[in-house]
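Here is how the chains run, residue by residue.
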Number of protein chains: 2
Amino acid sequence: MSNMLTRVAEIVSRMTIRDVAREAGVSVGSVSRALNGGKNVSARVARDVAAAAEKLGYQPDLQARSLRTRTTGMVGCLVSDVANPLYASIVQAAEARLRDAGLLMVVANTANDPARERAVVAAFRSRRLDGMLVAPGSDENDRAWRELAAGGAPVVILDRDVPHEEDTPWPAVLVDHREGARTATRYLIGLGHRRIALLTPGARMRPGRERIAGFKAAFAEADVDPAGALVCLQESSMDFAQGDALELLRRDQRPTAIIALGTRILAGALRAARDLGLSIPADLSVIAVGDTDLAAVHSPAITALRWSLEDVGRAAAELLLQRLRGTGEGPSRALLPVDLVLRESCAPPTAK
Amino acid sequence: MSNMLTRVAEIVSRMTIRDVAREAGVSVGSVSRALNGGKNVSARVARDVAAAAEKLGYQPDLQARSLRTRTTGMVGCLVSDVANPLYASIVQAAEARLRDAGLLMVVANTANDPARERAVVAAFRSRRLDGMLVAPGSDENDRAWRELAAGGAPVVILDRDVPHEEDTPWPAVLVDHREGARTATRYLIGLGHRRIALLTPGARMRPGRERIAGFKAAFAEADVDPAGALVCLQESSMDFAQGDALELLRRDQRPTAIIALGTRILAGALRAARDLGLSIPADLSVIAVGDTDLAAVHSPAITALRWSLEDVGRAAAELLLQRLRGTGEGPSRALLPVDLVLRESCAPPTAK
DNA sequence: GGTTAAATTGGAAACGTTTCCACTTTTGCG
DNA sequence: CGCAAAAGTGGAAACGTTTCCAATTTAACC
């Protein structure tokens, strides 16, 4: 047993730059230069060092390096729920781009808990991460981000409107939910719908706010009685039970069309419709916000608002990289478009 | 402009342990002891140091600390596709548990590319991560894990059978796919089905292999003609187009029941069935492998094999933590059960 | 009160890099 | 060939911690 432990210990003892220096018969400084810049290094030294490093299987300790260089090569990603497909794809795309740039991504989810958010920010700061991608659980917890930015690390916000001082908005990647919602609503109004329900998480965050704005704008510009614009706020998609949708669809003046967010809310709405015997699209038109597997495969297939999650992640990574490099400013915000994917779930309302 | 830069620089210059020492009027060593162990520290020093640290807003540089302590407080998580809901939930649960233990999680996805896997392992090693959770894209790329383990960091495998030397299997969290598939198949056979198709990613990985084994075992133990057991391998769930399912269901001896993995394959199968006018469950029984939103919300609701992704993540984190603490061995493997959730998508085959 | 043991403390040596500085060596050029 | 500039090199000082060690103070005991 202790035998095994010592064996492990032996294996663990890694080669250091000093070992390489000794092996190559040069100084530590030269090894460092040879391995990194390659600048001001003679061919002979470069060759010998490379050979020695290869022979010894030397791999630099990036942890130690970062102590000296004051840069860790890691960026944080703070998100409320990685398991949410909407976030997962963003995280994945961002990670891919960042890793191509040689950066590691640290991920932390906060379950929308402000205290956790602050704890994560503290952890990120203490670990001296180079930068950070954040999608806060609400727009108001800006103290945490301010604090983080005070540490000097660039922060890129994902689809949120975090309050900022003066005229220096946070770098951010935004999705044009307003225009998306407007398009969807206009489409339904055009089909003849007059009572439309918008089911989305509340106004605590930008996406909800923007959708509501676009939703109402469509009613206003079509000169339709705005009383038909039913905004149903959910605190979060988790809380949205089927029951809420049932209640909505049982009203005597029930909506003839529904615009429902994501997977869970949409699922609740669909199930409620099924339970009430409402057929889609004959009795109820449905538009999904966010193009998930569920929307695409459901029968009938659900018309959906789609935006590219990959683009969001990629753009965020790009923005962050640009800040990290510190090269000329460039744009600090990106606004990504939302498309309406027409499928089979919308039809004119049945006269009654 | 340069004004602003200097301002930022000022903010960035962090308090070090030396500043605290000066402020408290004690030595650096005492500060360290006071802030960490608290052992062998007088009440006066403890008080003064705490006050000084508080006043200066001191936060230790974990990066520097880890150079000395040879432990980084970070663990890696290597997975082929974080955007896959099956992985996302696991990652989330593991992250939650690890963060509770004060560890940060670095995530990397490899898109099933062995070269990327090796690159990630190299990066993890160079950054001296304390441990690692891996779900390789195939069971064969074990060179990489072996190399990683040689670095001394514990590795926990997620639902894979990675070849191991001698009698020391890798610590792993496994899901009992074999028993799950057997249960599902037995259920279908019990309903009267004799031609059943199993749609799952290929045998390159444990889950597929185990499912196939369970599937065949059910046929064997029921003494049913094994020719009815149609195993349809997909290289990966991504490649599974609707077309493959169409082809399968158009055969003259088409299966009367399907067991389909996950979201994408299941979606393809469902869409194919719809396009062919096959109604579920009258013409075709369907069982989903993995209980996704799609299965739960589809109409009819799809009977599904379910296992707890959260449990997988949690168990993996627990296993890893136990290794990290190095306290008594404990079990090195966990096998998690799979349940069959009965819904509406299965019925006896129509006589014909 | 004296002696020994225990507790506390300061100073310095790590940890593995990069980078600065002074010093050689090479190169370029008239 | 001589001389200045450029290029290459070794040694040592950081980076911010923890931890070892020796020295001091305090506590404990007879």
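The paragraphs below set out a description of the structure included in this document. (Residues numbered from 1 in each chain as written. Chains lettered and ligands numbered in written order. Predicted model: local features only at pLDDT ≥ 70, side-chain atom pairs only at ≥ 80, totals over all residues. Heavy atoms only, no water.)

**Details of the overall build of chain A**
No. 1: From N to C terminus, chain A includes 14 helices and 12 strands.
No. 2: For chain A, the residues scored as buried account for 52% of the 352 residues in total.
No. 3: In chain A, once contacts between residues fewer than 6 apart in sequence are set aside, the share between residues at least 24 apart is 69%.
No. 4: Here chain A carries 45 positive and 42 negative side-chain charges, and the mean point of each set is 6 Å from the other. (Helix = DSSP H or I, 4+ residues; strand = E, 2+ residues; numbered from the N terminus. Buried < 20%, exposed > 50% of the residue type's maximum accessible area, 1.4 Å probe, protein only. Contact = heavy atoms within 4.5 Å. Lys, Arg positive; Asp, Glu negative; His and termini not counted. Charge placed at Lys NZ, Arg CZ, Asp CG, Glu CD.)

**Quick look at the relation of the copies chain B and chain A**
No. 1: With an RMSD of 0.1 Å, the fit of chain B onto chain A corresponds to turning through 180° and sliding 0.1 Å along the axis. Here the symmetry operator amounts to a two-fold rotation axis. Taking C-alpha positions as the reference, the residue of chain B nearest the rotation axis is B:Val106, at 2.1 Å.
No. 2: The fraction of interface residues of chain B whose copies in chain A are also interface residues reaches 100%, indicating that both copies meet through the same surface. (Least-squares fit on C-alpha atoms with pLDDT ≥ 70 in both.)

**Overview of helix H3 (residues 28-35) of chain B**
Counting along an α-helix, one turn takes 3.6 residues, and residues three or four places apart therefore face a common direction.
Residue and element names in this part refer to chain B.
No. 1: Those residues of H3 that sit buried are Ser 30, Val 31 and Ala 34. Buried residues in H3, looked at end-on, bunch into an arc of 100°, giving them a common side.
No. 2: The inward-facing, buried residues of H3 abut helix H2 (17-24) and helix H4 (43-56). (Arc of directions from axis to C-beta.)

**Quick word on the interface of chain B and chain A**
No. 1: At the interface, 56 residues of chain B touch 56 residues of chain A.
No. 2: Sorting the residues of chain B by area buried against chain A places B:Gln63, B:Arg127 and B:Val297 first, and these three jointly supply 14% of that buried surface.
No. 3: Run the count over chain B and chain A and you get 6 salt bridges.
No. 4: There are 18 residue pairs in polar contact (both at pLDDT 80 or more) connecting chain B and chain A. (Buried area = accessible area lost by both parts, 1.4 Å probe. Salt bridge = Lys/Arg side-chain N within 4 Å of Asp/Glu carboxyl O. Polar contact = N/O pair within 3.5 Å; in protein donor to acceptor, adjacent residues only side chain to side chain.)

**A few points about the pattern of salt bridges**
No. 1: Throughout the structure, instances matching the rule amount to 38 salt bridges over all chains.
No. 2: The partner of A:Arg306 in a salt bridge is A:Asp291, and the shortest N-O contact between them spans 3.3 Å. On the criterion of sequence distance, the pair formed by A:Arg306 in strand E10 (residues 303-306) and A:Asp291 in the loop between strand E9 (285-289) and helix H13 (293-297) is long-range, its members being 15 residues apart.
No. 3: The class for A:Asp291 is partly exposed, based on a relative accessible area of 25%.
No. 4: The salt bridge partner of B:Glu179 is B:Arg182, with a shortest N-O separation of 3.6 Å. You can see B:Glu179 and its partner B:Arg182 sitting in helix H9 (residues 177-191), 3 residues apart, about one turn around the helix.
No. 5: The class for B:Glu179 is partly exposed, based on a relative accessible area of 31%.
No. 6: What you see here is one network of salt bridges that share partners, running through A:Glu179, A:Arg182, A:Arg186 and A:Glu221.

**Side note on the environment of A:Asp81**
No. 1: For A:Asp81, the location among the structural elements is in the loop between strand E1 (74-79) and helix H6 (85-100).
No. 2: Classification of A:Asp81 as buried rests on a relative accessible area of 11%.
No. 3: For the pair A:Asp81 and A:Gly137, spaced 56 residues apart in sequence, the C-alpha separation works out to 9.3 Å.
No. 4: Among the polar contacts listed, one links the side chain of A:Asp81 to the backbone nitrogen of A:Ala83, at a separation of 3.0 Å.
No. 5: Among the polar contacts listed, one links the side chain of A:Asp81 to the side chain of B:Gln92, at a separation of 2.5 Å.

**Section: the sheet that holds strand E4 (residues 155-158) of chain B**
No. 1: Read across the open sheet, the 12 strands follow the order E11(A)-E5(A)-E4(A)-E3(A)-E1(A)-E2(A)-E2(B)-E1(B)-E3(B)-E4(B)-E5(B)-E11(B); overall the sheet is mixed. Across the chains shown, the open sheet's two edge strands, defined by having one partner strand only, are strand E11 (333-336) of chain A together with strand E11 (333-336) of chain B. Averaged over neighbouring strand pairs, the angle between their axes works out to 20° when direction is ignored.
No. 2: Sheet topology note: the E1(A)/strand E2 (residues 104-109) of chain A ladder contains 6 bridges and is parallel. Each residue of the ladder has a partner; that of A:Gly76, found in E2(A), is A:Val106. (Pairing = 2+ DSSP bridges. Axes fitted to C-alpha atoms, helices over the stretch in contact; angles between N-to-C directions.)

**Here's the deal with the side chain of B:Thr256**
Residues and elements named next belong to chain B.
No. 1: Mapped onto the secondary structure, Thr 256 falls in the loop between helix H11 (242-250) and strand E8 (257-261).
No. 2: For Thr 256, a relative accessible area of 14% translates into the label buried.
No. 3: Side chain to side chain, Thr 256 and His 193 meet in a polar contact 2.6 Å long.
No. 4: Residues in contact with Thr 256, not counting those within four places in the same chain, are His 193, Arg 194, Arg 195, Asp 283, Leu 284, Ser 285 and Pro 349.

**Regarding the protein's contact with DNA strand D**
No. 1: Among the 27 residues in the neighbourhood of DNA strand D, the closest are listed as A:Ser42, B:Ile17, B:Ser32, B:Asn36 and B:Arg68.
No. 2: In this structure, A:Ser42 approaches DNA strand D through a side-chain N or O atom, which is 2.7 Å from a phosphate oxygen.
No. 3: Between DNA strand D and B:Ile17, the relevant distance is 2.7 Å, taken from a phosphate oxygen to a main-chain nitrogen or oxygen of the residue.
No. 4: Residue assignment for the surface near DNA strand D shows that the elements contributing at least two residues are helix H3 (28-35) and helix H5 (62-69) of chain A together with H2, H3 and helix H5 (62-69) of chain B.
No. 5: Element by element, the count of residues in the surface near DNA strand D is highest for H5(B), at 5 residues.
No. 6: Per-class residue counts for the surface near DNA strand D are 9 nonpolar, 10 polar and 8 charged. (Near = heavy atom within 4 Å. Nonpolar A, V, L, I, M, F, W, Y, C, P; charged D, E, K, R; others polar.)

**Re the protein's contact with DNA strand C**
No. 1: The full set close to DNA strand C counts 27 residues, and A:Ile17, A:Ser32, A:Asn36, A:Arg68 and B:Ser42 are the nearest of them.
No. 2: In the interface set of DNA strand C, defined as its atoms within 4 Å of the protein, sugar plus phosphate atoms amount to 62%.
No. 3: The contact in question runs from a phosphate oxygen of DNA strand C to an N or O atom on the side chain of A:Asn36, over 2.8 Å.
No. 4: Those elements that provide at least two residues to the surface near DNA strand C are helix H2 (17-24), H3 and H5 of chain A together with H3 and H5 of chain B.
No. 5: The leading source of residues in the surface near DNA strand C is H5(A), at 5 residues.

**Observations concerning the pairing of E9(A)**
Residue and element names in this part refer to chain A.
No. 1: Judged by how many residues are buried, E9 sits mostly within the fold: 5 of 5 residues are covered.
No. 2: Side chains of E9 alternate between two faces, with Ser 285, Ile 287 and Val 289 and Val 286 and Ala 288 buried alike.
No. 3: Handedness of the strand E8 (residues 257-261)-helix H12 (residues 264-275)-E9 crossover: right-handed. (Right-handed = clockwise from strand over helix to strand, strands pointing away.)

**Focus: the packing of helix H9 (residues 177-191) of chain A against helix H10 (residues 206-221) of chain A**
For any two helices packed against each other, the geometry comes down to the angle between their axes and how far apart the axes lie.
Residues and elements named next belong to chain A.
No. 1: In contact at an axis separation of 7 Å, H9 and H10 are set at 35° when each is read in the N-to-C sense. You can see that H9 and H10 cross each other, and the crossing is right-handed. Contact residues: H9 offers His 177, Arg 178, Ala 181, Arg 182, Thr 185, Arg 186 and Ile 189, while H10 offers Pro 207, Glu 210, Arg 211, Ala 213, Gly 214, Phe 215, Ala 217, Ala 218, Phe 219 and Glu 221.
No. 2: Per-class residue counts for the contact of H9 with H10 are 8 nonpolar, 3 polar and 6 charged. (Left-handed = near helix turned anticlockwise from the far one by under 90°.)

**Things to note about the packing of aromatic side chains**
All names here are of chain B.
No. 1: According to the stated counting rule, one finds 2 aromatic pairs over all chains in the structure shown.
No. 2: With a centroid separation of 5.4 Å and an interplanar angle of 70°, the aromatic rings of Phe 215 and Phe 219 are classed as edge-to-face. A residue pair is termed a helical-turn pair when its members lie 3 or 4 positions apart in one helix, as Phe 215 and Phe 219 do in helix H10 (residues 206-222) at 4 residues.
No. 3: Of the residues examined, Phe 215 reaches a relative accessible area of 0% and is grouped as buried.
No. 4: Of the residues examined, Phe 219 reaches a relative accessible area of 1% and is grouped as buried. (Phe/Tyr/Trp six-rings, centres within 6.5 Å; stacked < 30°, edge-to-face > 60°.)

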